[in-house]
Amino acid sequence: MEGEKLLGHTVLVIDDDYELASVLADFLQERGYVVLVANSCAAARKLLEGATVSVALLDLRLPDADGVDFMRRLLAHESAPGVVVLTGHATIDSAAAAVEAGAAGYLLKPVSLDGVAAVVERVIERRNVIEENARISKERAERLSEVEALLSISTALATTLELDEALRRVCHDLVRLTGADTAAAYLLDQQRDALVPCAAYHVPKQHFEYLATSVIPVRDAGFYLPLWRDRQAVYSDDVAGDMRLRHSLFRQIPHQSGLLLPLVLDADVAGAFYVAWWTMRRTFTDQELDLLKRVCEEVTVLLRNARLFEKAKTYNDTFRELVSSELRIAHKIQSSALPHDFGPLTAGTGLEVHAVMEPAREVGGDLYDVLRLPGDRLFVVLGDVSGKGIPAAMFMMLATALLRAAARGGQEASALLARLNDELCVDNPTSMFVTLACAVADGAAGTLRYAMAGHPTPVLLTAAGEAHLLSGDAGTIVGVLPGLNFPSATVQLEPGDTLVLYSDGVTESFDPQGRAFGEDRLLGALAGLTATSARAVVDRLQDAVHAFTAGAEPSDDIAILAVRRLGAAPLVLEVRADPHSVVEATDRLRAWCGAAGIATAAAEDLALALEEAGTNVAVHALARRPEATFRVRLAQEGGEAVLEVRDLGAPFNPLEAPPPMTAPGYAEQRVGGLGIPLIRGVMTRAAWVRDGEENVLTLARALDQ
Amino acid sequence: MSLTIQTETMDAERTARIALEGRLDTVTALELEKRLELLLDGRYDRLVLDLAGLEFISSAGIRVLVQARKCMGAQDGGVFMVNARPQIVKVFEIIKALPGMIVFRSDAEMDQYLGMMQRRVLRG
């Protein structure tokens, strides 16, 4: 063993044999030890209070205490010396007992000096080894806790995108890692050109307000500029006296030591941590600073990610806004392309049209169109483009434009579809397709020629309220294969009949239980609807679908188009011979005229004629008998509205009444006198016959005036 | 449909003004007849009928108006109709104009006529 290792160690000799003690003391001193001598336990205790002893040579037989007992108590202390027990031959058992009790060794009296030297050396050596181990262990433990701290910080940064939360955890870990009292995190606010506090750990309540609101200006002279210039950590164990840290922040909250760590992102300071110790003077080894620098690098990664995430979110929001506004614009374009005002289109054709389209998404792929053709005929079409959204809408608009061009060319329905098909097949890279049903209607003749392209079968609703599907081949879809033929057929529309076109979004509407609306419900919704308008038909069907789906999300666009031949089944009334019944009959007449599409002026003329004729019949032919009735029939025939009044009363020809007088006194004309000139004045034809037991008055009003 | 009758009297001018709205048919003519009986107690020489709201008139209604005319004072009295709709004008034209029952196209036209009548009276 090297002599140096022994130097400085203190040996305490505890023996009441003064001579022996002194010999041992001299001997050991020569060997380089510092020696203390005690002759009793009490004395030994006193000496131990004042000095750090490495080895104690203890005589078991001491005057004032049991040696083993004393030793036990001694060993119980921290930094107790190694105890070597001195004992005489006679008490070898006690020596063994002492060793068992923790003695480092024993020597038998009389002791040999060499033996003493050897034992002492050995004990000291062992103590050194133990100390060394302890130190190594402590170091290892420290390093372990460093690693733990780093791992904890990494995890914190990896598991949270919330920047403030992550920074707070880093502050916490920094405090733990460095044994500090408090830490705060700052981020650079470029607009304010300052570091703004974002998170902190363990800030005392009384300082919190100040810390939370104090911002460190970047250009402030009292702030350490090399932080920005050199991007290095700055620390001081005497903050108050440190000229570099002059900013009021460092003075306002007094602290002994401080450590300022820069966060460097892309070679620029993006923030900093400040760690403080209230009272401790803290210095840092290069190793520690290195470790802390690595912590800051980890945080910088988080900062970068947070910034990128923020940017991505903004882009995402902007993009969404763009898409949604694009969809809104597309919806406007598309809905303005679909006709909504049908009156002008159909006036004078003897037909009326109404249509609706409800898109499933903001932009729909269903289409309909109404076109006026030469000869006062009407072209109607309803179609469904494959897919939804903007691509479907654009394809739909293309198809509509092509259809219009072809229809204006005067082609008939089937040829129209063939032409459209060929044109759409030409440039269709996405292979979109469309199903269509179209028709050309002649309101005067009542003929309707229709053609089908893979579309749901149209429904015919008669004036009497019977609804049935049209017969015929459904045909195939348009836009996929060129050169196809499309089946067509003709159907006769009587006055008041309505043809209903619809898209499969109607029949394939689902209720909350997942059932489809279907053809049966479609027919059911329309059946029984009579004497009405195209609009009423569309409304009825639309309402039925809405009621069925009961608010469930629509899966497909819904389109409905109704084309109706104006007119109605003849009105037949049985009217009682009293003024109220006559007036009521004129109301029914007006309603019928509205449904039949007869102009108001003509309807009012007819109403007047009916009132005058009815009153005449009631008064003269039926003599106002309470239970008597007369019959009225009104029909639209060959450009006229023909009004027939029949009664079973006494023979009476109202048309024979004398013509009006213009001289005064004409007011004394018998009752009913005024009525006849009025009837003749508003009707274009008037005739009376007696048919068996019936008076038959036939009046007609031309409808083209 | 019913008939709405709104009355306005101008005693100084011995004129009653009635606005009719709705239909004057064989049923509502009876209502008008009753109202006029109450109103026209001899105080008025002139009955002005504002027909802006009248949609329909039949012989029954005309008969009531003719009876009303008889209640108006002689000479420059009468029943004047203003603001009649085309359908109503057509009916009057079929019946032909009667003295003292004049259909004016507007209040302005009526005032013009009355002004002319006034001057005639003044000139003697």
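Look above for the structure.
Engineer: Honestly, the sheet that holds strand 15 (residues 434–442) of chain A in this entry has me stumped. Any pointers?
Structural biologist: Strand pairs in the sheet, formed through backbone hydrogen bonds, run parallel or antiparallel to each other. All names here are of chain A. A sheet is described by the order of its strands in space; here five strands give the open sequence 13-14-15-16-19, paired in antiparallel fashion. Bordering the open sheet on either side are strand 13 (366–373) and strand 19 (488–492), each of which pairs with just one other strand. For this sheet, the mean inter-axis angle between neighbouring strands, taken without regard to orientation, is 15°. Bridge analysis of strand 16 (residues 447–453) against strand 19 gives five bridges, and the strand direction is antiparallel. Residue pairing across strands places Thr447 opposite Gln492, the latter belonging to strand 19. Together, strand 15, strand 16 and strand 19 form the strand contacts of helix 14 (residues 413–426), whose direction differs from that of strand 16 by roughly 30°.

Engineer: Looking at this structure, I do not really get the interface of chain A and chain B. What am I missing?
Structural biologist: Accessible area lost upon the coming together of the parts is a frequently used measure of interface size. If you look at the interface, chain A gives 20 residues, while chain B gives 15 residues. Elements with a minimum of two residues in the side of chain A that touches chain B: helix 18 (579–596), helix 19 (600–621) and helix 20 (675–682) of chain A. It is helix 19 of chain A that contributes the most residues to the side of chain A that touches chain B, seven residues altogether. When grouped by side-chain class, the residues that make up the side of chain A that touches chain B number twelve nonpolar, five polar and three charged.

Engineer: For this particular structure, what's the right way to read the sheet that holds strand 5 (residues 101–103) of chain B?
Structural biologist: All names here are of chain B. Here five strands make up an open sheet; going across it, the order is 1-2-3-4-5 and the pairing mixed. Only two strands of the sheet have a single partner each, and these edge strands are strand 1 (3–10) and strand 5. Neighbour-to-neighbour, the strand axes of this sheet turn through a mean angle of 20°, independent of strand direction. Strand contacts of helix 1 (residues 28–39): strand 1 and strand 2 (15–24), with the helix running at about 15° to strand 1, the strand carrying the most contacts. Lying on the sheet, helix 2 (residues 59–71) is in contact with strand 2, strand 3 (46–57), strand 4 (78–82) and strand 5; it crosses strand 4 at an angle near 135°.

Engineer: Please explain helix 20 of chain A as it appears in this structure.
Structural biologist: Counting along an α-helix, one turn takes 3.6 residues, and residues three or four places apart therefore face a common direction. Taken together, the buried positions of helix 20 of chain A are occupied by Gly675, Ile676, Leu678, Ile679 and Val682 of chain A. One face of helix 20 of chain A carries all of its buried residues, which in axial projection span an arc of 160°. The inward-facing, buried residues of helix 20 of chain A abut helix 19, strand 25 (685–691) and strand 26 (694–702) of chain A together with helix 2 and helix 3 (86–95) of chain B.

Engineer: Quick question: what am I supposed to make of the packing of helix 18 of chain A against helix 19 of chain A here?
Structural biologist: Packed helices, taken two at a time, are described by the angle between their axes plus the distance between the axes. Residues and elements named next belong to chain A. One can describe the packing of helix 18 onto helix 19 by two numbers: an axis separation of 9 Å at closest approach and a directional angle of 155°. Looking at the two axes, helix 18 sits roughly antiparallel to helix 19. As helix 18 runs across helix 19, the sense of the crossing is right-handed. Contact residues: Val582, Val583, Ala585, Thr586, Leu589, Arg590 and Cys593 in helix 18; Ala603, Leu606, Ala607, Leu610, Glu611, Gly614, Thr615 and Ala618 in helix 19. Here the contact of helix 18 with helix 19 is built from residues that sort into ten nonpolar, three polar and two charged.

Engineer: Hey, could you run me through the nonpolar core in this one?
Structural biologist: The nonpolar side chains of soluble globular proteins are, as a tendency, buried together. Residue and element names in this part refer to chain A. Judged by nonpolar contacts, the single largest core of 140 residues is most densely connected at Val380, Leu417, Cys438, Val500, Ile560 and Leu561. For this core, the leading source of residues is helix 19, giving ten residues. Two domains each provide a minimum of three residues to this core, namely domain 3 (339–565) and domain 4 (571–702). In this structure, Val380 is in contact with Val353, Val370, Cys438, Ala439, Ala441, Leu501, Leu561 and Val563, ignoring residues within four places of it in sequence. Core analysis: the second largest hydrophobic core is formed by 42 residues, Val170, Cys171, Ala180 and Val239 among them.

Engineer: Just checking my understanding: could you explain helix 19 of chain A for this structure?
Structural biologist: Residue and element names in this part refer to chain A. In this model helix 19 runs 30 Å from its N-terminal to its C-terminal C-alpha over 22 residues, within 8% of the 32 Å that 1.5 Å per residue would give. Along helix 19, 18 of the 22 residues are buried, which leaves the element largely enclosed by surrounding structure. After helix 19 finishes, the residue Ala623 shows a positive phi value of roughly 45°.

Reading guide: rules and limits
- Residues numbered from 1 in each chain as written.
- Chains lettered and ligands numbered in written order.
- Predicted model: local features only at pLDDT ≥ 70, side-chain atom pairs only at ≥ 80, totals over all residues.
- Pairing = 2+ DSSP bridges.
- Helix = DSSP H or I, 4+ residues; strand = E, 2+ residues; numbered from the N terminus.
- Axes fitted to C-alpha atoms, helices over the stretch in contact; angles between N-to-C directions.
- Contact = placed C-beta atoms within 7 Å.
- Nonpolar A, V, L, I, M, F, W, Y, C, P; charged D, E, K, R; others polar.
- Buried ≥ 20, exposed ≤ 12 C-beta atoms within 10 Å, placed from the backbone.
- Arc of directions from axis to C-beta.
- Parallel < 35°, antiparallel > 145°, perpendicular 65-115°, else oblique.
- Left-handed = near helix turned anticlockwise from the far one by under 90°.
- Core = buried A, V, L, I, M, F, W, Y, C linked by C-beta atoms within 7 Å.
- Domains from an automatic or database assignment.
- Expected span 1.5 Å × (residues − 1).

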